[in-house]
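A closer look at the structure
So the chains spell out like this:
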Amino acid sequence: MQLGTFSDCKTRNFNMGFPNSQSFLDFKTAQFGNLSFLDEPRCKRQVISCFSQSKPLNFTFFPEPRWSKQSLYNSKPLETQYYTKQELGSSKSIRKTKNLSSFRVKSVMGVSKVVENDDVAVGKMKGSGGYDAIVIGSGIGGLVAATQLAVKGARVLVLEKYVIPGGSSGFYERDGYTFDVGSSVMFGFSDKGNLNLITQALAAVGIKMDVIPDPTTVHFHLPNSLSVQVHREYKDFISELTSKFPHEKEGILKFYNICWKIFNALNSLELKSLEEPIYLFGQFFQKPVECLTLAYYLPQNAGSIAREFIKDPEVLSFIDAECFIVSTVNALQTPMINASMVLCDRHFGGINYPVGGVGGIAKSLTKGLINHGSEILYKANVTSIIVDNEKAVGVRLSDGREFYAKTIISNSTRWDTFGKLLKKQDLPKEEENFQKVYVKAPSFLSIHMEVKAEVLPPDTDCHHFVLEDDWKNLEEPYGSIFLSIPTILDSSLAPKGRHILHIFTTSSIEDWQGLSTKDYEAKKELVADKIISRLEKKLFPGLKSSIEFKEVGTPKTHRRYLARDSGTYGPMPRNIPKGLLGMPFNTTAINGLYCVGDSCFPGQGVIAVAFSGVMCAHRVAADVGLEKKSPVLDAGLLGLLGWLRSLA
């Protein structure tokens, strides 16, 4: 049946699972073509999302034998037409109504040929029933927190600004290519130990992903023609490194042995919230030596420990490069616990690339979230956190909708959370202290390319780090180059005979401001050409002529699509920090508000943000009554942790 006519509309055919297909009104700003819903012919409520933002147009259908509500997202906030009778051809049966406030729906979303069928909520008004938690953002930290809570029985709503989950661990597609948005170096995917946090998070919701082991974590190409491959097997890596610096063999072994000491202590513990005293004291009584080991190294940095054993400045510079990959700062500014997690887990569990691309992690976690009764809503741009009587109680979206919950978890950076989602005058003292100790880490210039396969030698490694001329350029903008070629491991990401190159280098947003559109585009091409020329000279002769597709992103791109202040990828210490002592945990000074992600303990990186998500879920679960809790012990521990942070 046909639903009337509008002047600026086209019809599309939709098969709703009912006996007869129908014509559906489609505004020019949201043309979907043919979609097929496979639900049984019964009362169904569904949302169709498109790329344009944002207010819903609600149409009610009366197919035989029952009816279903449909919501079409459109860029224009047009008034809804509501059909009250089955005589839809008659103008007498039409009246205006406001948008529906609350219902459970299906989302069918076309994103680069990917169709997601996800349960979401489209408006949960105050007092209409409850979520235990709302998570702002669907990065890995947010999704791990959400799924861990859902498994415990919590009802969670994830609000994602973009049209796919994952944040900087998302994906996009172009002409048969699947690109990872961010890093392709995936930690936490092993089948052993306690630091395989991605494997654990997926297993908790009943999902297992196929992975491809990476034989080399990274291949360093450094000044003075220093080339070091970080092999999966620790003995192979340490043998290669000490063969380059035989005079420092003893010092190198001592430094990495301490890394292993810390890693083994951490890997032996059941990882939950360090802000939950019942768990923390239980772990201490079970494994006091391991807990004391971690407490001892908590305020220490990798660079200071390396200098206790190593004197050769080139070896120390190599360790700086090792830590720079972890934290985008040198070893003196990298907490020893963070360095140990990464420098050892790459050998213990290894780097394992998920089949189909990194974006599959977020999609799998989202699927598990929905399977456990919780929800995710895309194109949901949270603009403010609602605080009532000094407690975070809900969020407000850019289209005016409001959602309420017992707790609010922000997967945004702390700068976005306290500088944008909350009023600046409400900045708590502990957040002021945090911003005195830490600044925003730089963003990246990223280049995604499709190239002909023959330009790469057959023994090419998947991941490379290039710093050709001078160690002093390590932390300079555009000084170091990270390169990932995920098709080395998973050829399904590109057509036969082609490879994907993902190149990124540090860059600040200030370098891209105040430019006209023409100058901005010209600068992108100029900077990208210089970076590609360096790779062509150092690694792949003929690289430029092999390029079939190139897309350049700047810090402004990262800010726009990932909703990260200045495009930053987390905090960076202003000076030499006291290890992780100054890093905030998940709780905040605002009751009911929690933070998760790379601006929380333990910091940047996939394994770190997953750890943050696990810790946050445990603390929130205790606060909403899903885990044991001791208010007296809570107050004492949180006070102690706050005092320790003040020492940083």
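About the criteria used
Starting afresh in each chain, residues are numbered from 1 along the sequence in its written order. Where local features are concerned, this predicted model is filtered to residues with pLDDT of at least 70; where side-chain atom pairs are given and counted, the filter is 80 or more; whole-chain, interface and lining totals use all residues. Side-chain descriptors were evaluated using all non-hydrogen atoms of the structure, hydrogens and water having been removed beforehand. UniProt positions are given in the numbering used here, feature names are shortened, and annotations may be inferred rather than shown by experiment. Patch membership needs two things, relative accessible area over 30% and no salt bridge, and members are linked within 9 Å if like-charged or within 5 Å if nonpolar (Val, Leu, Ile, Met, Phe, Trp, Tyr). The accessible surface values rely on the Shrake-Rupley method and a 1.4 Å probe; as for residues, cover is taken only from the protein chains in view. We count a salt bridge whenever a side-chain nitrogen from Lys or Arg sits within 4 Å of a carboxyl oxygen from Asp or Glu. Helix numbers and strand numbers start at the N terminus; a helix is a DSSP run of H or I with at least 4 residues, a strand a run of E with at least 2. Exposure classes here rest on a 1.4 Å probe applied to the protein chains alone. A residue is buried below 20% of its type maximum, exposed above 50%, and partly exposed in between. Two rings belonging to Phe, Tyr or Trp (six-membered ring only in the last case) form a pair when the distance between their centres is within 6.5 Å. Interplanar angles under 30 degrees mark stacking, angles over 60 mark edge-to-face geometry, and anything in between is tilted. Sitting over a ring, as applied to charges here, requires NZ of Lys or CZ of Arg to be within 6 Å of the ring centre and within 35 degrees of the ring normal. Two strands form a pair only when DSSP identifies at least two bridges running between them. Note on geometry: axes are lines fitted to C-alpha atoms, helical ones only across the stretch in contact, with angles between N-to-C directions running from 0 to 180 degrees. In this scheme, roughly parallel covers angles under 35 degrees and roughly antiparallel covers those over 145, while 65 to 115 is roughly perpendicular and the rest are oblique. It is the rotation of the near helix from the far one that decides the hand of a crossing: anticlockwise by less than a right angle makes it left-handed, clockwise makes it right-handed. We call two residues in contact when some of their heavy atoms are within 4.5 Å. Each residue receives one of three labels: charged for Asp, Glu, Lys and Arg, nonpolar for Ala, Val, Leu, Ile, Met, Phe, Trp, Tyr, Cys and Pro, and polar for the others, Gly being one of them. This arc is taken over the directions from the axis of the helix to the C-beta atoms.

If you check an unreviewed UniProt entry, the protein chain appears there as prolycopene isomerase from Calendula officinalis. Within the UniProt record for the protein chain, the comment given under Catalytic activity (unreviewed entry) is "7,7',9,9'-tetra-cis-lycopene = all-trans-lycopene". Recorded in UniProt for the protein chain, the comment headed Pathway (unreviewed entry) runs: "Carotenoid biosynthesis; lycopene biosynthesis."

A short note on a nonpolar patch on the surface
Judged by side-chain polarity, Ile278, Phe281, Phe284, Phe285, Leu292 and Leu633 come together as a nonpolar surface patch covering roughly 580 Å² of accessible area. The greatest single-element share of the nonpolar patch, amounting to four residues, is contributed by helix H5 (residues 277–286). Here Leu292 shows up in helix H6 (residues 288–297). For Leu292, a relative accessible area of 52% puts it in the exposed group.

Comments concerning the packing of aromatic side chains
Overall, the coordinates contain 26 aromatic pairs when judged by the stated rule. Ring geometry for Trp415 and Phe434: centres 5.5 Å apart, planes at 45°, overall tilted. Of this pair, Trp415 sits in helix H11 (residues 414–421) while Phe434 is found in helix H12 (residues 429–437), placing the two residues 19 residues apart along the sequence. Here the aromatic residues Phe220, Phe318, Phe324, Phe444, Phe465, Phe482, Phe504 and Tyr569 are joined through ring pairs into a cluster of three or more. We note Lys192 situated over the ring of Phe348; from NZ or CZ to the ring centre the distance is 4.8 Å. Over the ring of Phe237 we find Arg346, and its NZ or CZ is 5.0 Å from the ring centre.

Details of the pairing of strand S14 (residues 177–180)
A two-sided burial pattern is seen for S14, the buried positions comprising Tyr177 and Phe179 on one face and Thr178 and Asp180 on the other. Sheet topology places strand S13 (residues 171–174) next to S14; four bridges connect them, and they run antiparallel. Note that in S14 the partner of Phe171 across the bridge is Asp180. A loop of two residues connects S13 with S14, the two strands running antiparallel in sequence, and Asp175 in this loop sits at a positive phi of about 50°.

A look at the packing of helix H1 (residues 140–151) against helix H2 (residues 197–204)
Put simply, H1 and H2 touch, their axes get as near as 9 Å, and they point 40° apart. The angle between H1 and H2 places the two elements in the oblique class. Crossing of H1 against H2: the hand is left-handed. Here Ile140, Val144, Gln148 and Val151 of H1 come into contact with H2, specifically with Ile198, Ala201 and Ala204. Looking at the contact of H1 with H2, its residues break down into six nonpolar, one polar and no charged.

Focus: H6
The α-helix winds at 3.6 residues per turn, so residues separated by three or four positions along the chain end up facing the same way. Inspection of H6 places Cys291, Thr293, Leu294 and Tyr297 among the buried residues, and these make up the whole buried set. Across the axial projection of H6, the buried residues extend over an arc of 155°, all falling on one side. H6 presents Val289, Leu292 and Tyr296 as exposed residues on the side facing more than 90 degrees away from its buried surface. Lining the buried residues of H6 we find helix H4 (249–267), H5, helix H7 (302–309) and helix H9 (336–348).

Observations concerning the packing of H1 against helix H10 (residues 359–371)
One can describe the packing of H1 onto H10 by two numbers: an axis separation of 9 Å at closest approach and a directional angle of 25°. Taken together, H1 and H10 sit at an angle that is classed as roughly parallel. In this structure, H1 meets H10 at a crossing whose hand is left-handed. Here Ile140, Leu143, Val144, Ala146, Thr147 and Ala150 of H1 come into contact with H10, specifically with Ile361, Ala362, Leu365, Thr366 and Leu369. A class-by-class count of the residues in the contact of H1 with H10 yields nine nonpolar, two polar and no charged.

Thoughts on unusual backbone geometry
Peptide bonds are mostly trans, and most non-glycine residues show a negative phi. The omega angle of the peptide bond from Phe601 to Pro602 is 5°, so this bond is cis rather than trans. Position of Pro602 among the secondary structure elements: in the loop between strand S30 (593–595) and helix H15 (606–623). Here the phi dihedral of Asn224 falls at roughly 60°; this positive angle occurs in a residue that is not glycine. For Asn224, the position within the fold is in the loop between strand S16 (216–222) and strand S17 (226–231). Judged by its relative accessible area of 60%, Asn224 falls in the exposed class.

Here's the deal with the environment of Leu580
Inspection of the secondary structure assignment puts Leu580 in the loop between strand S29 (571–573) and S30. Residue classification places Leu580 among the buried residues on the basis of a relative accessible area of 3%. Once the C-alpha coordinates of Leu580 and Pro602 are considered, the two residues, 22 residues apart in sequence, prove to be 7.0 Å apart. Each residue touching Leu580, except ones within four places of it in the same chain, is listed here: Leu298, Pro335, Ile337, Asn338, Phe601 and Pro602.

Here's the deal with the pattern of salt bridges
One pass over the structure, following the stated rule, counts 25 salt bridges. A salt bridge links Asp565 to Lys420, with the nearest nitrogen and oxygen atoms 3.9 Å apart. Placement of the pair is Asp565 in the loop between helix H14 (555–562) and S29 and Lys420 in helix H11, with a sequence separation of 145 residues. A salt bridge links Lys523 to Asp511; the shortest N-O distance between them is 3.0 Å. With Lys523 in helix H13 (residues 517–538) and Asp511 in the loop between strand S27 (498–507) and H13, this pair connects stretches of sequence that are 12 residues apart. For Lys523, a relative accessible area of 22% gives the class partly exposed.

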